[in-house]
Amino acid sequence: MRRHLAAIGAFLALTAPAVASAPASASVSAPVHRSATALPPLDPALLRAAISGLPNATVTGALINVTGPAGQWSGTSGVRDVVTNRTVQGDGNFRIGSISKVFTAVVLLQLAAEDELDLDQSVQHYLPGLLPASFPAITVRQLLNHTSGLPDGDLGEGDAEWFADHRFQSWTPRQIVANAVSHPMKFAPGTKQDYNGTNYFVAGLLVERLTGRTYAHEVRRRVIEPLNLRDTYVLDRHDPRLPGPHAHGYVAVTKDGTTTLRDVSEQSPYPWAEGGLISDSTDLRTFITAIFQGRLVPASELNEMFTVPDVPYLGTDNCVIGPDAGRACYSAGLMRTTMPNGLTAWGKTGSRPGYTSGLFATRDLGRVLVYSLNPTGDKDGSESPYIQKIAAAVLDPDLATGN
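Here is what the cut-offs are and how they apply
- Residues numbered from 1 in each chain as written.
- Predicted model: local features only at pLDDT ≥ 70, side-chain atom pairs only at ≥ 80, totals over all residues.
- Heavy atoms only, no water.
- Helix = DSSP H or I, 4+ residues; strand = E, 2+ residues; numbered from the N terminus.
- Buried < 20%, exposed > 50% of the residue type's maximum accessible area, 1.4 Å probe, protein only.
- Areas by Shrake-Rupley, 256 points an atom, 1.4 Å probe, with all protein chains shown as cover.
- Pairing = 2+ DSSP bridges.
- Axes fitted to C-alpha atoms, helices over the stretch in contact; angles between N-to-C directions.
- Contact = heavy atoms within 4.5 Å.
- Patch = residues over 30% accessible without salt bridge, like charges linked within 9 Å, V, L, I, M, F, W, Y side chains within 5 Å.
- Salt bridge = Lys/Arg side-chain N within 4 Å of Asp/Glu carboxyl O.
- Parallel < 35°, antiparallel > 145°, perpendicular 65-115°, else oblique.
- Nonpolar A, V, L, I, M, F, W, Y, C, P; charged D, E, K, R; others polar.
- pLDDT = per-residue confidence, 0-100.
- Core = buried A, V, L, I, M, F, W, Y, C linked by side-chain atoms within 4.5 Å.
- Expected span 1.5 Å × (residues − 1).
- Left-handed = near helix turned anticlockwise from the far one by under 90°.
- Phe/Tyr/Trp six-rings, centres within 6.5 Å; stacked < 30°, edge-to-face > 60°.
- Polar contact = N/O pair within 3.5 Å; in protein donor to acceptor, adjacent residues only side chain to side chain.

Here we look at the overall build of the protein chain
- Summing up its helical and strand segments, the protein chain has 14 helices and 12 strands in all.
- Buried positions account for 58% of the 403 residues belonging to the protein chain.
- Accessible surface, the protein chain: about 14,900 Å² in total, of which carbon and sulfur atoms supply 51%.

Focus: the sheet that holds strand E9 (residues 335-338)
- Across the sheet, which stays open at both edges, the six strands sit in the order E3-E2-E12-E11-E10-E9 with antiparallel pairing between neighbours. Sheet topology places strand E3 (73-78) and E9 at the edges, where each strand pairs with a single neighbour. Strand-to-strand twist in this sheet, taken as the mean axis angle between neighbours without regard to direction, amounts to 20°.
- In the packing of helix H13 (residues 384-395) onto the sheet, contacts are made with strand E2 (59-67), strand E10 (344-352), strand E11 (355-361) and strand E12 (368-375), and the angle to E12 comes to roughly 165°.

Observations regarding a nonpolar patch on the surface
- There is a patch of nonpolar side chains on the surface, built from Val82, Val83 and Leu261 and spanning about 250 Å² of accessible area.
- By secondary structure assignment, the location of Val83 is in the loop between E3 and strand E4 (94-95).

Here's the deal with the packing of helix H3 (residues 100-113) against helix H9 (residues 215-224)
- For the pair H3 and H9, the least separation of the axes is 10 Å and the interaxial angle reads 80°. Taken together, the axes of H3 and H9 are roughly perpendicular relative to one another. The segment H3 lies against H9, with Ser100, Phe103, Thr104, Val106, Val107, Gln110 and Leu111 engaging Tyr215, Glu218, Val219, Arg222 and Val223.
- Among the residues forming the contact of H3 with H9, the class breakdown is seven nonpolar, three polar and two charged.

Things to note about the confidence of the model for the protein chain
- Confidence in the prediction for the protein chain averages 91 pLDDT; 90% of positions are at 70 or higher.
- The low-confidence segment residues 15-33 (pLDDT under 50) makes 45 contacts with residues lying over four places distant or belonging to another chain.

Some remarks on the nonpolar core
- Counting residues in hydrophobic clusters, the biggest one holds 77 residues, and the most contacted among them are Phe103, Leu117, Phe287 and Met305.
- The element contributing the most residues to this core is H3, with nine residues.
- Judged by nonpolar contacts, the second largest core, of 30 residues, contains Leu46, Leu54, Met339 and Leu369.

Some remarks on helix H8 (residues 198-211)
- Spanning 14 residues, H8 covers 20 Å between terminal C-alpha atoms, matching the ideal 20 Å at 1.5 Å per step.
- Among the 14 residues in H8, 12 count as buried, and that is most of the element.
- Within H8, the full set of buried residues consists of Thr198, Asn199, Tyr200, Phe201, Val202, Ala203, Gly204, Leu205, Leu206, Val207, Leu210 and Thr211.
- Tucked inside the fold, the buried residues of H8 contact H3, helix H4 (123-126), helix H5 (140-144), helix H7 (173-180), H9 and helix H10 (272-275).
- Remark: Gly212 follows H8 within two positions and exhibits a positive phi of approximately 75°.

Considerations on the packing of H3 against H8
- Two elements in contact, H3 and H8, have axes whose closest approach is 10 Å; the angle formed by their N-to-C orientations is 40°. Note on packing geometry: the crossing formed by H3 with H8 is left-handed. Contacts between H3 and H8 involve Lys101, Thr104, Ala105, Val107, Leu108 and Leu111 on the former and, on the latter, Tyr200, Ala203, Gly204, Leu206, Val207, Leu210 and Thr211.

Examining the pattern of salt bridges
- Under the definition given, this model contains 14 salt bridges.
- For Glu161, the salt bridge is made with Lys255, and the minimal N-O distance between the two is 3.3 Å. Taken as a pair, Glu161 in helix H6 (residues 160-166) and Lys255 in strand E5 (residues 250-255) lie far apart in primary sequence, 94 residues in all.
- We note a salt bridge from Arg241 to Asp239, for which the minimum N-O separation is 2.8 Å.

Quick look at the environment of Asn179
- Relative to the helices and strands, Asn179 is located in helix H7.
- Accessibility expressed as a relative area gives 18% for Asn179, which makes it buried.
- For Asn179 and Asp152, which are 27 residues apart along the polypeptide, the C-alpha to C-alpha distance reads 8.4 Å.
- In contact with Asn179, other than residues within four places in its own chain, are Gly153, Asp154 and Leu155.

Regarding the pairing of E2
- Of all nine residues in E2, nine are buried, a share of seventy percent or more.
- Bridge analysis of E2 against E12 gives seven bridges, and the strand direction is antiparallel. Residue pairing for E12: Val66 is matched across the bridge by Leu369.
- Count of turn residues in the E2/E3 antiparallel hairpin: five residues, of which Gly68 carries a positive phi of about 135°.

Quick notes on the packing of aromatic side chains
- Tallied over the full model, the rule gives seven aromatic pairs.
- Judged by centre distance (5.0 Å) and plane angle (75°), the rings of Trp171 and Tyr270 are edge-to-face. Of this pair, Trp171 sits in the loop between H6 and H7 while Tyr270 is found in the loop between strand E6 (258-263) and H10, placing the two residues 99 residues apart along the sequence.
- Judged by its relative accessible area of 11%, Tyr270 is buried.

Overview of the side chain of Asn318
- Summarising the element assignment, Asn318 is placed in the loop between strand E8 (307-309) and E9.
- With relative accessibility at 1%, the residue Asn318 sits in the buried group.
- Within the structure, Asn318 has its side chain in polar contact with the side chain of Tyr313 (distance 3.5 Å).
- Here the side chain of Asn318 touches Tyr330 through a polar contact of 3.4 Å, side chain to side chain.

Structure below.
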């Protein structure tokens, strides 16, 4: 559950938070209305250059979709199938990985708005017996903003060859959590932040406990159907399909000095509420727009998605750039990233073997970015230069041109 952090780190590698840290007892909230920094014009040449030269050994295909009043651009590069060399489709579906966490956070915040959930109540209160008795009380809010201190698990971890051979293998959410909590807590809840998928497996179980229905049912009922998301899927862990048109995902396997691409387009979506959903650029754009406009999460809870706790960030995988380096950069479901030009975007990255994606927008929706890449590195971060070029071209073109 840790290796996908490379994609997040790549997006953040260009960023430099523009506001100094708040006092230790405070939280840092985003502006609610207009962006403080003017949006730069879109440069189609920079966007094309960001995904040029595909396919290659690192990335086989890519798509970018940028919308907003300051400019729109869509483009693709590479191939959706290395056998037929058919071109990537701009409307293709892809595995969204940890962008799934945004869906999970939305559902839980809706339940909080309905008084079915208290964000300050403990996980142990709602899910007795799930965590070891020796663990301290962990609040639902701490789950959502990654300040729980819960440990990582290691189920499903392996090299590219292992994943290609075991891509249909799956585990239940409770098995994932049980594996993780067999390790000690990382830190006292609320004292630090550490991006960790265990939090969102627990969050998915919490959705099911509170509603009495499956996580998939609640996401469909509360998000997919109201927004008419035609290409967003929450599949059973035994269903490896990637429905609809899509670019194939591959991992490069080297054996006896020879490297071959193994097709992993079909794989178990067992990451579930943490990282198992499938979508496309149109649906994701609709989704983030509805969130930011307050059409999915009521105002009383929406601020949770734009409030970053003022605590240290554990480790060096994220939240490490700029004057706030080493401080938290995640809210409930989202991450905050501020470019050197002062422009702040909120969103999420995601990664599954063969697929890396991102969904980001300025708070006023003046610019919305969705991208998807098909890297061959089995979540090793080798596609990072492409992510950095995309972020620069869309949010801070001076970085891309060297000005």
